[in-house]
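The primary structure of each chain is shown beneath.
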Amino acid sequence: MTDPANSLRLLRCEACQLRYLPSDSPCPRCGGRSATEYFVPAVGSVVVGTELHYPAEGWCAPHRLAFVEVADKVRLLAIVEGHLPRTGDPVSIATEGLVYRARAAPAAERGEGESPRSGSRRPSFEPPR
Ligand SMILES: [Zn+2]
């Protein structure tokens, strides 16, 4: 497994300065092919998360996904490990090739005394704090 403290690799288009996730495709805004890579902390904030109870064959149910915003307002779709995060929750991001995995940020980064309870089943919807 990738160390959650790892950095996340992004690209900045030389022509229009758009920041985006690395791929073999040209800049998604202007089509420019010249980009500079740079690294940001592999942490983000959940924009929205969802839980699939009947995922595609080969995936375990429930299969959780989250749309996560990282540095420079770059957003990515990540497979969630552990409980379903709520909007605004901090997560750490691990990269495996083109796959991103999100996990609740450790308590120390969240500023809370709660520790992540991986492996335990928690309800999808929790009452507000
Ligand atoms: Zn561009």
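Anything mentioned here points back to the structure above.
Residues numbered from 1 in each chain as written. Predicted model: local features only at pLDDT ≥ 70, side-chain atom pairs only at ≥ 80, totals over all residues. Heavy atoms only, no water.

Asker: Mind laying out the nonpolar core, listing which residues take part and the relevant values?
Answerer: Grouped together as the largest cluster of nonpolar side chains are 17 residues, with contacts concentrated most on Leu-8, Val-68, Val-70, Leu-76 and Ile-93. Per-element accounting of this core gives the leading share, three residues, to strand S6 (residues 75–81). Ignoring sequence-local partners within four residues, the contact set of Leu-8 consists of Tyr-38, Phe-39, Val-40, Pro-41, Ala-42, Val-70, Leu-76, Ile-93, Thr-95 and Tyr-100. In terms of nonpolar packing, the next biggest core, distinct from the first, is built from five residues, Cys-13, Leu-18, Tyr-20 and Cys-27 among them. (Core = buried A, V, L, I, M, F, W, Y, C linked by side-chain atoms within 4.5 Å. Buried < 20%, exposed > 50% of the residue type's maximum accessible area, 1.4 Å probe, protein only. Helix = DSSP H or I, 4+ residues; strand = E, 2+ residues; numbered from the N terminus. Contact = heavy atoms within 4.5 Å.)

Asker: For the coordination of the zinc ion, give the residues involved together with the corresponding values.
Answerer: Coordination sphere of the zinc ion, protein contribution only: Cys-13 (SG), Cys-16 (SG), Cys-27 (SG) and Cys-30 (SG), at 2.3 Å. Around the zinc ion, the four donor atoms are arranged such that angles at the metal cover 102 to 117°; this shape is classified as tetrahedral. Between consecutive donor residues of the zinc ion, the sequence gaps follow C-x2-C-x10-C-x2-C. Taken together, the residues Cys-13 in strand S1 (residues 7–13) and Cys-27 in the loop between strand S2 (19–20) and strand S3 (35–41) connect sequence positions 14 residues apart. For Cys-13, a relative accessible area of 1% translates into the label buried. (Donors = N, O, S within 2.8 Å, 3.2 Å for Na, K, Ca; no water. Tetrahedral: all angles 85-135°; square planar, octahedral: opposite > 155°, others 65-115°.)

Asker: Can you tell me about the sheet that holds strand S5 (residues 63–69), naming the residues and giving the values?
Answerer: Ordered in space as S4-S5-S6-S8-S7, the five strands form a closed barrel in which the pairing is mixed. Across this sheet, the average inter-strand angle for adjacent strands is 50°, counted without regard to direction. Here strand S7 (residues 90–96) runs beside strand S8 (residues 99–104); their pairing, made up of six bridges, is antiparallel. When the sheet's bridge partners are listed, Thr-95 is paired in S8 with Tyr-100. (Pairing = 2+ DSSP bridges. Axes fitted to C-alpha atoms, helices over the stretch in contact; angles between N-to-C directions.)

Interpretation note: all reported values are geometric properties and have no functional meaning in isolation.
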